[in-house]
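Coordinate inspection notes
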Amino acid sequence: MNVVITGASRGLGKAMAEKFGANNYNLYLTSRSDILLYKTVEEFQHRFPQITIKAKAFDLSVKSGAVDFANWILSTEISVDILINNAGTFLPGGVADEEDGVLEKMIETNLYSAYHVTRILLTRLLQQKKGHIFNLCSIASLKAYKNGGSYSISKFALAGFSKNLREELAPYGIKVTAVYPGAAYTDSWSASGVDAIRLMKANDVAEMVFAASQLSPQACVEDIILRPQLGDL
């Protein structure tokens, strides 16, 4: 079995890659940072020598990068059993005061990357008549919050993309799951001053995504919502 993961060099993406690798899935990974990505690959090759691990850095916020990544996956001629669209970024601010261009940046990274990668890889999934797509949305996809601004807008859009995909692909045996995590302790939170005990662990998200991927072909988890026990920050 093969899993394709974007934004895989750290945070939730790395945690999900680790979970699937530990369960003998071959890993096909990408991220924007080639240094972090290849460090991750080196770590996983030592820990999971029994699986195939391939990785290549692409900037998925640029259409050509997303297209090149998806075509690279197709060139490997693997079955795409699981696709996890995790690439994303966050810039805080409100619509009234965020810098010009933030909306475009959020949409390009958080929505277009998943859209373009998925569209191309669907050629393989539709041939297979099976597969599972996970889109890493956010609690910000469900409820507006202070300083959410264009980030929240882009994540609402990603949730809409997921719902449309689910409707379109259900007759073809392809599952689609939207994942809505709240705050999980990753690098982006390490300098925030928030105690790690207040946040979820990245592995919590990975555990739920993996569990949803293990159901029978007759069952699809459409939405996964996870929050810290004490609620959103």
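Check the entry above for the structure.
Structure report, in brief. (Residues numbered from 1 in each chain as written. Predicted model: local features only at pLDDT ≥ 70, side-chain atom pairs only at ≥ 80, totals over all residues. Heavy atoms only, no water.)

**Topic: the environment of Val 4**
What counts is decided by this rule: Elements are defined by DSSP. Helices are runs of H or I of four residues or more, strands are runs of E of two residues or more, and each kind is numbered from the N terminus.
The topology assignment puts Val 4 in strand 1 (residues 2-5). When the C-alpha atoms of Val 4 and Leu 142 are compared, they prove to be 26 Å apart, with 138 residues separating the residues in sequence.

**What to know about the pattern of salt bridges**
Formally: By salt bridge we mean one thing: a side-chain nitrogen of Lys or Arg within 4 Å of a carboxyl oxygen of Asp or Glu. Only protein chains enter the area calculation, which uses a 1.4 Å probe; residues under 20% of their type maximum are buried, those over 50% are exposed, and those in between are partly exposed.
Per the counting criterion, the structure on display carries seven salt bridges. One salt bridge in this structure joins Glu 18 and Arg 47, with 2.7 Å as the shortest N-O distance. Here Glu 18, found in helix 1 (residues 11-22), pairs with Arg 47, found in helix 2 (residues 34-47); they are 29 residues apart in sequence, far enough to count as distant. For Glu 18, a relative accessible area of 28% translates into the label partly exposed. Linking Asp 232 and Arg 227 is a salt bridge whose minimum nitrogen-to-oxygen distance equals 2.9 Å. On the basis of relative accessibility, which here comes to 37%, the residue Asp 232 falls in the partly exposed class. Residue Arg 227 is classed as partly exposed on the basis of its relative accessible area, which comes to 39%. Each of Lys 14, Glu 18, Glu 43 and Arg 47 takes part in a single network of salt bridges with overlapping partners.

Everything listed here is a matter of coordinates, which is why it stays silent on function.
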